[in-house]
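Summary of the model geometry
Spelled out from the first residue to the last, the chains are:
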Amino acid sequence: MDDSVSKYEGKLVAHGLLLVALTGIANVANVVFHMIMGRKLTGDEYSILAALLNLMLVLSTPMDALRSAMAHFSARAHRAESPSVARAIARRWSFRIGALAVPAGVAMWAARAELARFFHLADSAAIAVVAATLPAFMLLPVLAGVLQGMQAFWWFGAAVHGVNVARLALGWAFVMLFAATAFYAVLAQGIAMAAGVLVAVAAVWWITRADRSRAEAPSGIGPYFLKSMLLLAGYGVLMNSDVMLVRHFHPAAAGEYAWAATIGRSIVFLPMPIAMAMFPKVISAGAISRSSRLTLLKALGMVLGMIGLGVSVSLIWPWLPLWILYGIRDPSPELEQLVRAVMLAMCPLGVAYLLLNFEMAQHRFRTVPWLLTLAGAYVGGVWVWHETVMSVILVLGLVSLASAMLYLFELFRRKPESASGAAHVSPNA
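Just so we're clear, the structure is a prediction, and the values are computed from it rather than from any experiment. (Residues numbered from 1 in each chain as written. Predicted model: local features only at pLDDT ≥ 70, side-chain atom pairs only at ≥ 80, totals over all residues. Heavy atoms only, no water.)

**Here we look at the pattern of salt bridges**
Under the criterion given, the structure shown has seven salt bridges. Here E114 and R117 are joined by a salt bridge, their closest N and O atoms 3.6 Å apart. Taken together, the residues span about one helical turn, with E114 and R117 both in helix α5 (residues 112-118) at a distance of three residues. Judged by its relative accessible area of 45%, E114 is partly exposed. Looking at R117, the relative accessible area reads 57%, which means it is exposed. Between R265 and D242 there is a salt bridge; the shortest N-O distance is 3.1 Å. (Salt bridge = Lys/Arg side-chain N within 4 Å of Asp/Glu carboxyl O. Helix = DSSP H or I, 4+ residues; strand = E, 2+ residues; numbered from the N terminus. Buried < 20%, exposed > 50% of the residue type's maximum accessible area, 1.4 Å probe, protein only.)

Here is the structure:
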């Protein structure tokens, strides 16, 4: 293996475990946040909170394409030892996304009444909070991607995962001091996201401050971003729209479903740090090297182990996460079955996330139309078959399994090339 390649593809386990640890802190904060909200808020208020948090995730997941694009091109600059290029990327794309974020927030604010009716909300105040904080949701992926691409994982964790810690502190304070409503929980989320943006700005400046040379952002980021956005938009629909759909079609059952979905998503999110640690180590201009495939297979093994352990615990003892999160000591058999069903339906999405990140890092987007088709099939399938909550879960399970199979097929159909031919990329390529 070429030394310059191994220098950046190495330390997957160390960086992966670092991000797992930082994400673990964030996950604990997330669990405690949902424990507090699940116990303090009424069932209807908690289902509203879950639906709005999922709305934020659906909106922010396509924007995660920004993080992927920034990480891809910043990693090229990092390999070329050009921090001024990474700084130029952050500066140019922060201005561009900021110019889009403000009108988008205004548009959501204007549509707040219609969105409130869709979710069966008594008023639109919580929707207005989401609209006001939309710029922060759109800007954080830009700066976080630059930090990820430069493999500044401590700063990356502070900016991205620190949001959960800040949200916990603010959310607890708001519901204790003001009122136990979804509005104050969503407000805590928005303020925490804005704080994450400030941390990320400071981190990018600090890391690149020594290189005072002037540089221009490389070409090609726009097309890469658009392709990544389409890819992650499809994934975002599969991953994050279930609570909204259940809230729309089965509002009376949305509270218990929100409990089960939060547990399921917590397990699926466990291996995501591995994907983020892997991404800058396997970038290429389209070809796959043997070393990149080895890195991916190592990451895939870690992901399968983590998901398998989490799913096994939840299948055998579904009461355990219900008791830990929501204090439900004696759940009904129906609620336990709901937890098992959601867990099985969601777990293939963890594998799909790792593999689609590998495809994006390798600058391949053949799967975009297929994943968008699966997202459309999910929404269309639920629109047709929504007689029961289990019908919604069954449709989700089928399309999530199909998404994992799609990326496994893409992985094993492609033969690796030589390391040098696959891995050397220019920062301006």
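**Digging into the packing of helix α11 (residues 221-240) against helix α18 (residues 368-384)**
Look at α11 against α18: their axes get within 8 Å of each other, and the N-to-C directions meet at 30°. Comparing their axes, α18 and α11 come out roughly parallel. The chirality of how α11 crosses α18 is left-handed. In contact with K227, L230, L231, G234, Y235, V237 and L238 of α11, α18 contributes V368, L371, L372, L374, A375, Y378 and V379. Looking at side-chain class alone, the contact of α11 with α18 contains twelve nonpolar, one polar and one charged residues. (Axes fitted to C-alpha atoms, helices over the stretch in contact; angles between N-to-C directions. Parallel < 35°, antiparallel > 145°, perpendicular 65-115°, else oblique. Left-handed = near helix turned anticlockwise from the far one by under 90°. Contact = heavy atoms within 4.5 Å. Nonpolar A, V, L, I, M, F, W, Y, C, P; charged D, E, K, R; others polar.)

**Here we look at the packing of aromatic side chains**
What the rule picks out here adds up to 13 aromatic pairs. Aromatic side chains W93 and F225 sit 6.0 Å apart centroid to centroid with 70° between the ring planes, which places their arrangement in the edge-to-face category. Remark: F225 occurs in helix α11 and W93 occurs in helix α4 (residues 83-110); sequence separation between them is 132 residues. F225 matches W93 in its accessibility class, with the two residues each being buried. Both rings, one in F183 and one in Y184, keep their centres 5.0 Å apart while their planes meet at 80°; by these two values the pair is edge-to-face. The partly exposed category is assigned to F183, whose relative accessible area is 27%. Ring pairing ties together the aromatic residues F174, F178, F183 and Y184, which thus form one cluster. Seen from the ring of W109, R112 lies directly overhead, with NZ or CZ sitting 3.8 Å from the centre. Sitting above the plane of the W206 ring, R209 keeps its charged end 3.6 Å from the centroid. (Phe/Tyr/Trp six-rings, centres within 6.5 Å; stacked < 30°, edge-to-face > 60°. Lys NZ or Arg CZ within 6 Å of the ring centre and 35° of its normal.)

**Notes on the nonpolar core**
M37, L49, I89, W93, Y235, Y257 and Y378 are the most contacted members of the largest nonpolar core, which totals 148 residues. The element that contributes the greatest number of residues to this core is helix α17 (residues 333-361), accounting for 19 residues. Setting aside residues up to four positions removed in sequence, Y257 forms contacts with D242, V243, V246, L338, V342, V389, I393 and L396. (Core = buried A, V, L, I, M, F, W, Y, C linked by side-chain atoms within 4.5 Å.)

**Side note on the environment of V186**
Looking at the element boundaries, V186 is found in helix α10 (residues 182-208). V186 sits 134 residues away from L52 along the chain, and the two C-alpha atoms are 7.7 Å apart. Discounting residues that sit within four places of it in the chain, V186 has contacts with L49, L52, M56, A126, V129 and V130.

**Details of the environment of A377**
Residue placement: A377 occurs in helix α18. Separated by 232 residues in sequence, A377 and G145 place their C-alpha atoms 30 Å apart. If near-sequence neighbours (up to four positions away) are discounted, A377 is found in contact with V395 and V399.

**Observations regarding α18**
The end-to-end C-alpha distance of α18, which contains 17 residues, comes to 24 Å, matching closely the 24 Å that a straight helix rising 1.5 Å per residue would cover. Buried within α18 we find V368, L371, L374, A375, Y378, G381 and V382. Looking at the buried side of α18, the elements it contacts are α11, α12 (242-249), α17 and α19 (389-413). (Expected span 1.5 Å × (residues − 1).)

**Some thoughts on the side chain of E410**
Its place among the elements puts E410 in helix α19. On the basis of relative accessible area, E410 is assigned to the buried category, the value being 4%. For E410, the residues in contact, after removing those within four places along its chain, are E359, R366 and T367.

**Considering the side chain of R87**
Note on placement: R87 falls in helix α4. Buried charge without a partner: R87 forms no salt bridge, and the closest opposite charge is D211, 5.0 Å away. For R87, the residues in contact, after removing those within four places along its chain, are T208, D211, R212 and S213. (Lys, Arg positive; Asp, Glu negative; His and termini not counted.)

**With respect to unusual backbone geometry**
Positive phi, normally seen in glycine, also occurs at H120, with a value near 60°. Secondary-structure assignment places H120 in the loop between α5 and α6 (125-132). Using a relative accessible area of 41% as the deciding quantity, one classes H120 as partly exposed. Notably, Q151 is not glycine yet its phi reads approximately 55°, a positive angle. Relative to the helices and strands, Q151 is located in the loop between α7 (134-149) and α8 (153-160).

Read these as spatial facts, not as claims about activity.
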